[in-house]
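Take a look at the letters that make up each chain.
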Amino acid sequence: MKVTGKAVKFENNIDTDVILPGKYLVLTDPRELAKHAMEGLDPAFPEKAKTGVIVIGGRNFGCGSSREQAPLALKYAGVRCVLAESFARIFFRNAINIGLPISECKGIASNVEDGDELVVDLEAGIVENLTKKRSLQVTKLPPFILEILADGGLIENLRRRLKTK
Amino acid sequence: MNITEKILAKASNKSVVRPGEIVDANVDMVMVHDLTGPLAIEAFKRIGVNRVWDKQKIVIILDHQVPAESVKAAELHKMLRAFAREQKIRIYDVGRGGICHQVMPEKGHVLPGTVILGADSHTCTYGAFGAFATGIGSTEAAAVFATGKIWLKVPEAIKINVTGQFQKYVAPKDLILHIIGLLSVDGATYKSVEFAGPTIRAMSIAGRMTLCNMTVEMGAKNGIIEPDETTRKFLEGRVSKPLPPFEPLKSDADAEYEKVVDIDVSDLTPQVACPPSVDNVKPASEMSNVQVDQAFIGSCTNGRIEDLRVAAEILKGRKIKEGVRTLVIPASQEVYLQALHEGLIEIFTEAGAMVCGSTCGPCLGGHIGLLAAGETCVSTSNRNFIGRMGSTEAKVYLASPATVAASAITGRITDPRELEGNKA
Ligand code: SF4
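The following paragraphs examine the structure supplied in this document. (Residues numbered from 1 in each chain as written. Chains lettered and ligands numbered in written order. Predicted model: local features only at pLDDT ≥ 70, side-chain atom pairs only at ≥ 80, totals over all residues. Heavy atoms only, no water.)

## Considerations on the pattern of salt bridges
No. 1: By the definition in use, this model includes 31 salt bridges over all chains.
No. 2: With a closest N to O distance of 3.1 Å, glutamate 117 of chain A and lysine 6 of chain A form a salt bridge. Of the two residues, glutamate 117 of chain A is situated in strand β5 (residues 117-121) and lysine 6 of chain A in strand β1 (residues 2-9); the sequence distance between them amounts to 111 residues.
No. 3: Assessed through its relative accessible area of 42%, lysine 6 of chain A is described here as partly exposed.
No. 4: Where aspartate 116 of chain A meets lysine 132 of chain A, a salt bridge forms, and the shortest distance between an N and an O atom there is 3.0 Å. Taken together, the residues span a long stretch of sequence, with aspartate 116 of chain A in the loop between α6 (108-111) and β5 and lysine 132 of chain A in the loop between β6 (126-129) and β7 (134-137) at a distance of 16 residues.
No. 5: Overlapping salt bridges bring together Arg201, Arg208, Glu226 and Asp228 of chain B as one network. (Salt bridge = Lys/Arg side-chain N within 4 Å of Asp/Glu carboxyl O. Helix = DSSP H or I, 4+ residues; strand = E, 2+ residues; numbered from the N terminus. Buried < 20%, exposed > 50% of the residue type's maximum accessible area, 1.4 Å probe, protein only.)

Now the structure itself:
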């Protein structure tokens, strides 16, 4: 599974209240949610993300509430993959479950700048920074998680598994 | 093994599990609320199974935006009720329950030694009863609705040994804020946090719930406390099944921990978490120059009867400062009724506070009591992130019920011990 895109970089401890403020949780259409992605930090984000981007975070990306609407808003805004030094666990699981590629990558924050062109290969566990001409290792995901991502999310994965049973 | 490992081993039919191992666990209970439930139901319908795996093991609680604050919320509530009816699932509707994390143990849905999931990050609260409880997202809840199973990575554990006696007006909230200040907001990411020691044994269920509730604010997967007589007393008469034996729910003497932290609370003072991060913790006495516009006593962290009693003790016979609006929100209908019987509602109302029906309310800024730009709130809840309680330009300080009540009286952040003996 290869993903390409320009990097949009954020700092440490980005919480779900800035990724998607609580007042939008009554929205159920993911395209509506996407309009408010990252609104707490950068209201221009949805515009930037349109063409397909890779979000880079520092430590503890996605901390805070269990709202799945946070990774959903990112995905529908155009985010193709999220890489960070570390993640809050519920955000991490949610991203996988809704089919948004995600993995930890030590050193990513110091090796990528806003706007760098990246190529991520989650199976091989490698991210290439085409702009800076360097590559970094990405934590390899267990095969069953790669499978969920390849299926497009947990529900699609479950549908397939329940059918083949 | 420690208690968390023992519970996960049993749930996955293994005799031993080790940190880092991924297990397929059987789930004993799963909860969704009005903001995470609708997505879960939509996802469930897409899976293509007709019935949930076990209707007895699913609970729906309306608490975040109750009573419905908009037509949109009303529609979501309606959908939840319809699903509950169709699947014969227990639902706690407006006026029947309260905040999910208070209702779950109160109504007997939490048993020591079980695996409980909730589509809410503060599900870790039930560790106070010796359960393994953790938050998940809506899609995952849907998968559990269908299968009754979840994959879990066995977490590394941190043990926090607590000794000493709290001074007057110093509370478990001050302890957990102090701990988060020490460990930082990602100091326990993916990990289990186990509280132990004589201070924990002497602590009420309310205090234990406050501690476990906030473990997620340092990234923890779960918080947990071994069950004991205090646990038994709280649960008896609430649970329908007999309580399991507590003996197997103790960490072995040779259980392994990644880290052990010893804390003596004897010298602990009232603490405040300053915006915009829960680990930005300072003594309340040093923050007395911070003026407040709103004081909030409530939430799943500190909306229990014990919390309301302390606040009422401070507010009794005093008046809240002009210009400070104070909201008191009992965590559940049961707490509300108890507060009514004890005359606490009267005390709050006389002091100039507004008492609202049980709801999450201002805690997540989705409903009542939102903040305008430039305003400051001192709150007993658990998060002070940017925009959490309304405007992204508002500020939230987190503190204990005693500190919030004292601050409501003076109009600035106040160490409650400052007011001792000077009743107006
Ligand atoms: S009271 Fe606040 S933290 Fe607790 S469940 Fe409600 S919104 Fe979440």
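Don't stop here, the text continues.
## Looking at the interface of chain B and chain A
No. 1: Across the boundary between the two partners, chain B contributes 42 residues, which contact 38 residues of chain A.
No. 2: Summed over both sides, the interface of chain B with chain A buries roughly 3500 Å², with 59% coming from carbon and sulfur.
No. 3: On the chain B side of the contact with chain A, Thr139, Trp151 and Tyr190 of chain B bury the most area, a combined 17% of that side's loss.
No. 4: Of the charged contacts, one joins arginine 46 of chain B and glutamate 156 of chain A as a salt bridge, the two residues approaching to 3.0 Å between their closest N and O atoms.
No. 5: Mapped by element, the contributors of at least two residues to the side of chain B that touches chain A are α2 (37-47), α3 (71-87), β6 (132-135), α5 (138-147) and β7 (149-153) of chain B.
No. 6: For the side of chain B that touches chain A, the element with the highest residue contribution is α5 of chain B, accounting for six residues.
No. 7: Looking at side-chain class alone, the side of chain B that touches chain A contains 20 nonpolar, twelve polar and ten charged residues. (Contact = heavy atoms within 4.5 Å. Buried area = accessible area lost by both parts, 1.4 Å probe. Nonpolar A, V, L, I, M, F, W, Y, C, P; charged D, E, K, R; others polar.)

## Looking at the sheet that holds strand β9 (residues 192-196) of chain B
Residue and element names in this part refer to chain B.
No. 1: Here we have four strands laid out as an open sheet, ordered β10-β9-β8-β11, and parallel in their pairing. Only two strands of the sheet have a single neighbouring strand rather than two, namely β10 (222-224) and β11 (259-264). Pairs of neighbouring strands in the sheet enclose a mean axial angle of 20°, with direction left out of account.
No. 2: Pairing geometry for strand β8 (residues 157-163) and β11, over six bridges, is parallel. (Pairing = 2+ DSSP bridges. Axes fitted to C-alpha atoms, helices over the stretch in contact; angles between N-to-C directions.)

## Regarding the sheet that holds β7 of chain A
All names here are of chain A.
No. 1: The sheet built from seven strands is open, its strands ordered β4-β3-β2-β1-β5-β6-β7 with mixed pairing. Where the open sheet ends on each side, the last strands, each with one partner, are β4 (102-104) and β7. Here the average twist between neighbouring strands, direction ignored, is 30°.
No. 2: Sheet analysis places β1 next to strand β2 (residues 53-57), joined by four bridges and oriented parallel. From the neighbouring strand, valine 8 faces β2, where its bridge partner is valine 55.

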